[in-house]
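Coordinate inspection notes
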Amino acid sequence: NAGVTQTPKFQVLKTGQSMTLQCAQDMNHEYMSWYRQDPGMGLRLIHYSVGAGITDQGEVPNGYNVSRSTTEDFPLRLLSAAPSQTSVYFCASSSPRLAGDYNEQFFGPGTRLTVL
Amino acid sequence: DQQVKQNSPSLSVQEGRISILNCDYTNSMFDYFLWYKKYPAEGPTFLISISSIKDKNEDGRFTVFLNKSAKHLSLHIVPSQPGDSAVYFCAASDNTDKLIFGTGTRLQVFP
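In this report, we go over the structure that sits alongside the text.

All right, on to the nonpolar core then. Soluble globular proteins tend to pack their nonpolar side chains together in the buried interior. All names here are of chain B. If you look at the biggest cluster of nonpolar residues, it comprises 24 residues, and the most contacted ones within it are F33, W35, L73, L75 and Y88. Only β3 (19-25), β4 (32-38), β5 (45-51), β7 (62-67), β8 (72-77), β9 (86-93) and β11 (105-110) provide two or more residues apiece to this core. With four residues, the top contributor of residues to this core is β9. What Y88 contacts, discounting residues up to four positions off in sequence, is Q6, L21, W35, Y36, K37, L47, L75, I77, G104, T105 and L107.

Below, the discussion takes up a nonpolar patch on the surface. Residue and element names in this part refer to chain B. Together, I18, I20 and V78 make up an exposed nonpolar region whose accessible area comes to about 230 Å². By secondary structure assignment, the location of I18 is in the loop between β2 (10-14) and β3. Under the relative-accessibility criterion, I18 is labelled partly exposed at 40%.

Tallied over the entire structure, the rule returns six salt bridges over all chains. Between D31 of chain B and R97 of chain A there is a salt bridge; the shortest N-O distance is 2.9 Å. Of this pair, D31 of chain B sits in the loop between β3 and β4 while R97 of chain A sits in the loop between β9 (87-94) and β10 (106-107), each in a different chain. No difference in accessibility class separates D31 of chain B from R97 of chain A, as the two residues are buried. Ionic contacts of the salt-bridge type, sharing partners, join the residues R36, D38 and R44 of chain A into one network.

Turning our attention to the sheet that holds strand β1 (residues 4-7) of chain A. Residues and elements named next belong to chain A. One open sheet holds the four strands; their spatial order is β1-β3-β8-β7, and the pairing between them is antiparallel. Edge positions in the open sheet fall to β1 and β7 (64-66), since each of these has one partner strand only. Across the sheet, the mean angle separating the axes of adjacent strands is 20° when strand polarity is ignored. Pairing of β7 with strand β8 (residues 76-78), which is carried by three bridges, proceeds in the antiparallel orientation. Residue pairing in the sheet places Y64 in a bridge with L78 of β8.

Per the stated rule, a full pass over the model turns up two disulfides over all chains. One disulfide bridge connects C23 of chain A with C91 of chain A, the sulfur atoms lying 1.8 Å from each other. As the torsion about the S-S bond is roughly -70°, the C23 of chain A-C91 of chain A disulfide counts as left-handed. A residue pair is termed long-range when its members are at least 10 positions apart, and C23 of chain A in strand β3 (residues 19-25) and C91 of chain A in strand β9 qualify at 68 residues. No difference in accessibility class separates C23 of chain A from C91 of chain A, as the two residues are buried. In this model C23 of chain B forms its disulfide with C90 of chain B; the gap between the sulfur atoms is 2.1 Å. One quick way to see it: the torsion about the S-S bond of C23 of chain B and C90 of chain B is about -75°, and its sign makes the bridge left-handed. Taken together, the residues span a long stretch of sequence, with C23 of chain B in strand β3 and C90 of chain B in strand β9 at a distance of 67 residues. Take C90 of chain B: its relative accessible area is 0%, and that puts it in the buried class.

About the cut-offs
Residues numbered from 1 in each chain as written. Chains lettered and ligands numbered in written order. Predicted model: local features only at pLDDT ≥ 70, side-chain atom pairs only at ≥ 80, totals over all residues. Heavy atoms only, no water. Core = buried A, V, L, I, M, F, W, Y, C linked by side-chain atoms within 4.5 Å. Buried < 20%, exposed > 50% of the residue type's maximum accessible area, 1.4 Å probe, protein only. Helix = DSSP H or I, 4+ residues; strand = E, 2+ residues; numbered from the N terminus. Contact = heavy atoms within 4.5 Å. Patch = residues over 30% accessible without salt bridge, like charges linked within 9 Å, V, L, I, M, F, W, Y side chains within 5 Å. Areas by Shrake-Rupley, 256 points an atom, 1.4 Å probe, with all protein chains shown as cover. Salt bridge = Lys/Arg side-chain N within 4 Å of Asp/Glu carboxyl O. Pairing = 2+ DSSP bridges. Axes fitted to C-alpha atoms, helices over the stretch in contact; angles between N-to-C directions. Disulfide = S-S within 2.5 Å.

See the structure below:
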């Protein structure tokens, strides 16, 4: 059971380039999400998905696209990279909440992205 | 506007003593609170949670206290160990699957 995997671990881009950060989970979780972590800002939600074919925006969605064609995969696309997107990106997954309870989110190891 | 706030960016505690990490929130609709621990170059890992209908939850050395009237929660670690040195994030959920995170507190436990 690999849990949540992310590739690549590190990436350097030039301004204007595009790329896709990969995220996969093998726990059959319906909920998946992308966060970015910046110094002094904590973890901020970029996009999330409650199931295959369903995605929605989080707190900081501008400049990012997502899709969810399968339960396992949730790629994050940077359409035209900007220096402000330099950050560490984390993908997470969980089972959906049940009434009166909360299921923990499992995080991947992160992708450190630098945009020059 | 930050809905979940951790006002102490760092905390230094001697091994064996108690560590107290604080978190404040503004949204009265939050119904579940969680603490995550993060080591460098790793993803956050779940530590402990508490429902808004409770005021305390304990798991080994870790206890979370919730004061709903003050919109405040705290994480107590007793006794603190060097392996507890990490960044701790407070997070809250508003009856959805989404989590809102605080900015984190870096805990250093020294011998």
